[in-house]
Amino acid sequence: DAMVIQNPRYQVTQFGKPVTLSCSQTLNHNVMYWYQQKSSQAPKLLFHYYDKDFNNEADTPDNFQSRRPNTSFCFLDIRSPGLGDAAMYLCATSRPRDTQYFGPGTRLTVL
Amino acid sequence: GENVEQHPSTLSVQEGDSAVIKCTYSDSASNYFPWYKQELGKRPQLIIDIRSNVGEKKDQRIAVTLNKTAKHFSLHITETQPEDSAVYFCAARPVSGGYNKLIFGAGTRLAVHP
C-alpha cells in the first residue's frame, strides 16, 4: 500500500496562493497520472506522463501544471487556487497499458 | 468522445443479497475494464478487472461479465456484507491515449444493511 505515496495528505491554502502536491512511487512504473476528485464524483484525469512525455487533457485548466523530474516523482502545481479547486487530488501509476494503482490522495482546502 | 455510463447511481441491499452494477462504454476498441471500490475518504482500490478477450471472470464473491457486442460489462457481488458498502466505479480503457487512459463511470453508491 505504501508503493504510491502522496504528500501532504491534507493541504490548506489561501485563495490565489500557489500550492504544490507531491507524488512518489517505488514501483518503477513508466506512467504517472494526476486526477481531481470532487465529492461523490468520479476521478477526473488532469494529465499523465509516459516517462517524460507529458499528456494534457483538453479540458484541464491552465492553472494546473505538472512536473516529473525523474521516474519516481511527479508534482502537481496549482498556480492560483480558486474555491472551485478544493478537492481530493489522486496520483496513480501504471506500467504501459496496464492496471492503474492509486495513492492515498491529498485533500486540498482553499480558504 | 469516449464515455462510460454506469447504473444505478445508488443501490441498497440487505446483507446476504446479491448486488449488480452495470456499465456501458462507447469506444468499441476499448480493451480493458477495471472495477474500483472506494470507501469514504480513501483511495480507489482495484477489486477486479477483465480484458476484452475474456467474457467472464470471478474472484470469490465478485464476478465481472463482458459483452463486447453490446459494449457493456457488469459487476456482480454475491452474499453481500456490510463491509461491501462503498462507492464502486467502473472504467474502460479506450484506444485514445495509447491505451494508457481510463474513462470512469459516474459511480454507484452501494449500501448493505445488516
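Residues numbered from 1 in each chain as written. Chains lettered and ligands numbered in written order. Predicted model: local features only at pLDDT ≥ 70, side-chain atom pairs only at ≥ 80, totals over all residues. Heavy atoms only, no water.

So, about the overall build of chain A. Counting its secondary structure elements, chain A contains zero helices and eleven strands. Along chain A, helices and strands appear, N-terminal first, in the series β-β-β-β-β-β-β-β-β-β-β. Taking 13 Å as the expected radius of gyration for a compact globule of 111 residues, we find that chain A reaches 13 Å, a close match to that expectation. Overall, the C-alpha framework of chain A stretches about 35 × 30 × 25 Å when taken along its three principal axes. Taking all contacts inside chain A whose residues are at least 6 apart in sequence as the whole, residues at least 24 apart take part in 54%. On chain A, roughly 5,400 Å² of surface is accessible, and the fraction owed to carbon and sulfur atoms is 50%. (Helix = DSSP H or I, 4+ residues; strand = E, 2+ residues; numbered from the N terminus. Rg over C-alpha atoms; globule rule 2.2 N^0.38 Å. Contact = heavy atoms within 4.5 Å. Areas by Shrake-Rupley, 256 points an atom, 1.4 Å probe, with all protein chains shown as cover.)

In this complex, chain B contributes 22 residues to the contact, which on the side of chain A involves 25 residues. When the two sides are added together, the surface that chain B and chain A hide from each other amounts to roughly 1,800 Å², 48% of it contributed by carbon and sulfur. Area buried by chain B at its contact with chain A is led by Arg43, Asn100 and Phe104 of chain B, which between them contribute 35% of it. Taken together, the links from chain B to chain A amount to two salt bridges. Run the count over chain B and chain A and you get nine residue pairs in polar contact (both at pLDDT 80 or more). Of all the secondary structure elements, the ones that give two or more residues to the side of chain B that touches chain A are β4 (32-38) and β5 (45-51) of chain B. (Buried area = accessible area lost by both parts, 1.4 Å probe. Salt bridge = Lys/Arg side-chain N within 4 Å of Asp/Glu carboxyl O. Polar contact = N/O pair within 3.5 Å; in protein donor to acceptor, adjacent residues only side chain to side chain.)

To continue, consider the environment of serine 80 of chain A. Looking at the element boundaries, serine 80 of chain A is found in the loop between β8 (73-78) and β9 (87-94). Other than its neighbours up to four places away in sequence, serine 80 of chain A contacts Gly16, Asn63 and Asp85 of chain A.

A few words on the state of the cysteines. Within the structure shown, the criterion is met by two disulfides over all chains. A sulfur-sulfur distance of 2.0 Å marks the disulfide that ties cysteine 23 of chain A to cysteine 91 of chain A. Residues cysteine 23 of chain A and cysteine 91 of chain A share a disulfide whose torsion about the S-S bond is about -70°; that sign makes it left-handed. Residue cysteine 23 of chain A is located in strand β3 (residues 19-25), and its partner cysteine 91 of chain A is located in strand β9; the two are separated by 68 residues in the primary sequence. Take cysteine 23 of chain A and cysteine 91 of chain A: they sit in the same class, and that class is buried. The residue that forms a disulfide with cysteine 23 of chain B is cysteine 90 of chain B, at a sulfur-sulfur distance of 2.0 Å. The sign of the -100° torsion about the S-S bond sets the cysteine 23 of chain B-cysteine 90 of chain B disulfide as left-handed. Residue cysteine 23 of chain B is located in strand β3 (residues 19-25), and its partner cysteine 90 of chain B is located in strand β9 (residues 86-92); the two are separated by 67 residues in the primary sequence. Assessed through its relative accessible area of 0%, cysteine 90 of chain B is described here as buried. (Disulfide = S-S within 2.5 Å. Buried < 20%, exposed > 50% of the residue type's maximum accessible area, 1.4 Å probe, protein only.)

Take the pattern of salt bridges next. For the structure shown, the criterion picks out seven salt bridges over all chains. Notably, a salt bridge pairs aspartate 98 of chain A with arginine 51 of chain B, separated by 3.6 Å at the nearest N-O pair. On the criterion of chain membership, the pair formed by aspartate 98 of chain A in the loop between β9 and β10 (101-102) and arginine 51 of chain B in strand β5 is interchain, its members lying in two chains. According to the relative accessible area criterion, aspartate 98 of chain A is partly exposed, its value standing at 26%. The exposure class assigned to arginine 51 of chain B is partly exposed, which follows from its relative accessible area of 34%. Residue aspartate 84 of chain B is joined to arginine 61 of chain B by a salt bridge in which the shortest nitrogen-to-oxygen separation is 2.9 Å.

Turning to the nonpolar core, a few remarks are in order. Within the largest apolar cluster, 24 residues are counted, with the highest numbers of intra-cluster contacts made by Trp35, Phe73, Leu75 and Leu110 of chain B. Of all the elements in the fold, those that place two or more residues in this core are β2 (10-14), β3, β4, β5, β7 (62-67), β8 (72-77), β9 and β11 (108-113) of chain B. When residues no more than four places from it in sequence are discounted, the contact partners of leucine 75 of chain B are Ala19, Val20, Ile21, Trp35, Ile47, Ile48, Ile62, Ala63 and Tyr88 of chain B. Counting 18 residues, the second largest nonpolar core, distinct from the first, contains Leu21, Cys74, Ile78 and Ala87 of chain A. (Core = buried A, V, L, I, M, F, W, Y, C linked by side-chain atoms within 4.5 Å.)

Everything listed here is a matter of geometry and, on its own, says nothing about what the molecule does.
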